[in-house]
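Summary of the model geometry
Listed below are the residues making up each chain.
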Amino acid sequence: MFQAIGELIRHQPRVTIVKLAGKARGGGAEFVAAADMTFAAIETAGLGQIEALMGIIPGGGGIQYLRDRVGRNRALEVILTADLFDAETAASYGWINRALPADELDEYVDRVARNIAALPDGVIEAAKHSLPADDFTEGLLRENDAWASTFSLPAAQRLISGGLQDGAQTPAGERDLEGLMRSVAR
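The paragraphs below set out a description of the structure included in this document. These numbers were taken from a predicted model, which means no experiment stands behind them.

A few words on the packing of aromatic side chains. Scanning all chains against the criterion turns up 3 aromatic pairs. A ring pair is formed by F39 and Y108, whose centres lie 5.3 Å apart and whose planes are at 65°; its orientation type is edge-to-face. One end of the pair, F39, is in strand β3 (residues 37-41); the other, Y108, is in helix α6 (residues 102-117), and 69 residues separate them in sequence. Residue classification places F39 among the buried residues on the basis of a relative accessible area of 3%. Note on Y108: relative accessible area 17%, which makes it buried. Residues F85 and W95 carry aromatic rings whose centres are separated by 5.9 Å and whose planes lie at 65° to one another, so their mutual orientation is edge-to-face. Here the residue F85 occupies a position in strand β5 (residues 85-86), and W95 occupies one in the loop between α5 (87-93) and β6 (98-100), the gap between them amounting to 10 residues. There is no split in this pair, since F85 and W95 are both buried. Grouping aromatic residues by their ring pairs yields a cluster made of F85, Y93 and W95.

Once that is clear, we can look at the environment of I96. One can find I96 in the loop between α5 and β6. For I96, a relative accessible area of 3% puts it in the buried group. Sequence-wise, I96 and P154 are 58 residues apart; in three dimensions their C-alpha atoms are separated by 35 Å. Other than its neighbours up to four places away in sequence, I96 contacts V32, T38, A40, L47, R69, A87, A90 and A91.

What counts, and where the lines are drawn
- Residues numbered from 1 in each chain as written.
- Predicted model: local features only at pLDDT ≥ 70, side-chain atom pairs only at ≥ 80, totals over all residues.
- Heavy atoms only, no water.
- Phe/Tyr/Trp six-rings, centres within 6.5 Å; stacked < 30°, edge-to-face > 60°.
- Helix = DSSP H or I, 4+ residues; strand = E, 2+ residues; numbered from the N terminus.
- Buried < 20%, exposed > 50% of the residue type's maximum accessible area, 1.4 Å probe, protein only.
- Contact = heavy atoms within 4.5 Å.

As far as function goes, none of this settles anything; it's purely spatial.
See the structure below:
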């Protein structure tokens, strides 16, 4: 289901823009990667695919979108290290369009959105349609099968349960989710 949402976002005739001032991990990071453009605050934004620390892999399209945006080698780094990447690193990798100072983020994204909205009818759809087609169907199916096979493993169940017991779903737990999950794995 989450893969289908990402594909709907990617294939609509309108441009989707994410303005990221906080942290986007797991499904949130996959949502960001599915969008057409992302701009993030240098001081506060972060992206991460934390699933490996839970004994699973991203299953919402994150592997396909990351490979498309950052290349195979960096996608593997993001997925297998399960680190939280700052906005400047994410921009240098191509995961997001641009990292900006937080006090400039709103103005910049508003200007980009206004400029795009002012384009003549049909230009946005034509531009998106003209980009080389990415058929992720086979990759999304492989990703879903791999996610499902890891999710049912005893190690994944232990890690996910341990993370929840230690507060991974709380605001305090989310502030250092990577550290919390690494301590559960020990």
